[in-house]
Each structure stands twice: as C-alpha cells, then as structure tokens.
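So you can see what is in the structure, the chains are spelled out below.
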Amino acid sequence: MTATNREGVIKFQLDFVKGPAPAEDVLVELNAWRVVFRRKGLLGQDPQRYGGYAFGNLSRRLPGQDDGAFVISGTQTGHLPALRPREYATVLGCDPATNHLRACGQIKPSSEALSHGILYQSRPEILWVMHLHSPEIFAHRTTLNLPCTSPKADYGTPQMAAEILALVQKHDCSKPGLLVMSGHQDGILAYGPTAESTGKLVLEYLDATCK
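Rules used throughout
- Residues numbered from 1 in each chain as written.
- Predicted model: local features only at pLDDT ≥ 70, side-chain atom pairs only at ≥ 80, totals over all residues.
- Heavy atoms only, no water.
- Helix = DSSP H or I, 4+ residues; strand = E, 2+ residues; numbered from the N terminus.
- Rg over C-alpha atoms; globule rule 2.2 N^0.38 Å.
- Contact = heavy atoms within 4.5 Å.
- Areas by Shrake-Rupley, 256 points an atom, 1.4 Å probe, with all protein chains shown as cover.
- Lys, Arg positive; Asp, Glu negative; His and termini not counted.
- Charge placed at Lys NZ, Arg CZ, Asp CG, Glu CD.
- Axes fitted to C-alpha atoms, helices over the stretch in contact; angles between N-to-C directions.
- Left-handed = near helix turned anticlockwise from the far one by under 90°.
- Disulfide = S-S within 2.5 Å.
- Buried < 20%, exposed > 50% of the residue type's maximum accessible area, 1.4 Å probe, protein only.
- Polar contact = N/O pair within 3.5 Å; in protein donor to acceptor, adjacent residues only side chain to side chain.

Can you walk me through the overall build of the protein chain in this structure?
For the protein chain, the helix and strand inventory stands at five helices and ten strands. Computed over its C-alpha atoms, the radius of gyration of the protein chain comes to 15 Å, within 12% of the 17 Å expected for a compact globule of 211 residues. Principal-axis analysis of the C-alpha atoms places the extent of the protein chain at approximately 45 × 35 × 35 Å. A separation threshold of at least 6 residues defines the contact pool for the protein chain, and within that pool the share at least 24 residues apart is 66%. If you sum the accessible surface of the protein chain, you get close to 9,500 Å²; carbon and sulfur atoms cover 52% of it. Taking the average place of the 21 positive charges on the side chains of the protein chain and the average place of its 20 negative ones, the gap between the two points comes to 4 Å.

Have a look at this one:
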C-alpha cells in the first residue's frame, strides 16, 4: 500500500479475511461514546476538514482476551450517524515493528489500527482506546502539559507506534491517559481501563481549553 500523508489512508500491511462481524453486545459502549464525540466534532466527516476524509475511531479490547485482540471501527465510517456490527472490524494481531496487521470482519479496520494495537500490547490495563481530532486540545497541548509524540512521526507508521509506546510506558495505566499525536493534525489518543473514565478524560481536557 502506498504511504501518503492523506487522512484515512491505510499505511500498514494488512492481512484481511472476510468473516463474521463482532458481537453486538461488545459494541454498546463504543457506540454510545461515538454519539457523544460526533456531537462534539471530535469524530465524523466534514468537507471542510482534513480533505473531506472521515476522522476519529474507537476500539476496545475483546473481553476475556489477553492476546491483544480488539474490535475497532471500520475505515472511513465517520460519516455514518451510527455503526452496525458489520461496520466494526476485529484485529487479531499486529506487529508495529514490521508495520503488519491481521484482521477479519465485514469491513477493513481503521487506518489508525496500528496505534490502537501498540496500546493494547503495551499494558494489560488498557481496555479502551479513543482516537479523536480536537483542534482545541491540540492547540493547547503545551499549556495542558500533555505528552506529545514527535512531529516527525506520521500516523499509521512504526515510528508513531514507537513514540506512543515510549509515552505510555511512563504512565500509570490503572488510570486513563491522553496523548497528542504532534505529527497528525489535531490528533489525540485517549486510553484507559474503562470506557467511561477514558471518555470523560477527553471531555475534561476539552472543557479546560475553554477556561
């Protein structure tokens, strides 16, 4: 796959097999937070932003799995007001060092799946990952004292994965965390042990930009 800097373009080597969609009951919290973030403009699709490509994606570790498998919203689904199970993919494994990912489902995984994968591999406490785009948080990243990846690390690359891993290793992952992807316009990654604590952390930082 050709690497470009366009939003939403899958850059990793993907082994994808058509298969069953994830079970609906594991998607309830993802879909609920997706509604919240769409209303806040942190996820979706807008012809005036990022060349018109969809932005933002959510994932969760599969319940009872300790091998890093997770479900994630499918590529370029940001325009949809609600996602059905067939619009989520299951990532079975990933190797950031070789830029390789294995997945199955009815749709290919988001172009940010590699960044999600490194988080799940790094710490067992991380059960939820929310990749969003916030111009406000991004612009205030210094005053908010947020950890940031290198501006030279582009999304969906081994370099970005290595940057994320280095930052997460410094964080107490029993609590939610948030980092800024400096080389990915307005990109932020929130991660944590519960959907509620992770999502609320994003909203707290967003509110802090208004003070």
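Explanation requested: the environment of Cys 173 in the structure shown.
Along the chain, the position of Cys 173 falls in the loop between helix H4 (158–168) and strand E9 (177–181). Each C-alpha atom, one on Cys 173 and one on Tyr 191, is 8.4 Å from the other, the two residues being 18 residues apart in sequence. In this structure Cys 173 touches Arg 123, Glu 125, Ile 126, Val 168, Tyr 191 and Pro 193, once residues within four positions along its chain are discounted.

What is the right way to look at the packing of helix H2 (residues 113–122) against H4 in this model?
Two quantities define a packed helix pair, namely the angle between the helix axes and the distance between the axes. The contact between H2 and H4 brings their axes to 9 Å, and the two run at 35 degrees. With respect to the hand of their crossing, H2 and H4 are arranged in right-handed fashion. Between H2 and H4, the contacting residues are Leu 114, Ser 115, Ile 118, Leu 119 and Ser 122 on the first element and Pro 158, Met 160, Ala 161, Ile 164, Leu 165 and Val 168 on the second.

Could you clarify how one ought to interpret the state of the cysteines in this entry?
Where two cysteines share a covalent bond between their sulfur atoms, that bond is called a disulfide. A complete count under the given rule lists zero disulfides for this structure. Cys 104 provides the cysteine sulfur closest to Cys 94, a residue in no disulfide bond, and the two sulfurs are 14 Å apart. Cys 94 sits in the buried class, given a relative accessible area of 14%.

Looking at this structure, how should I read the environment of Asp 15?
You can see Asp 15 is positioned in strand E1 (residues 13–18). Residues Asp 15 and Leu 101 lie 86 residues apart in sequence; the distance between their C-alpha atoms is 6.2 Å. Here the side chain of Asp 15 touches His 100 through a polar contact of 2.7 Å, side chain to side chain.

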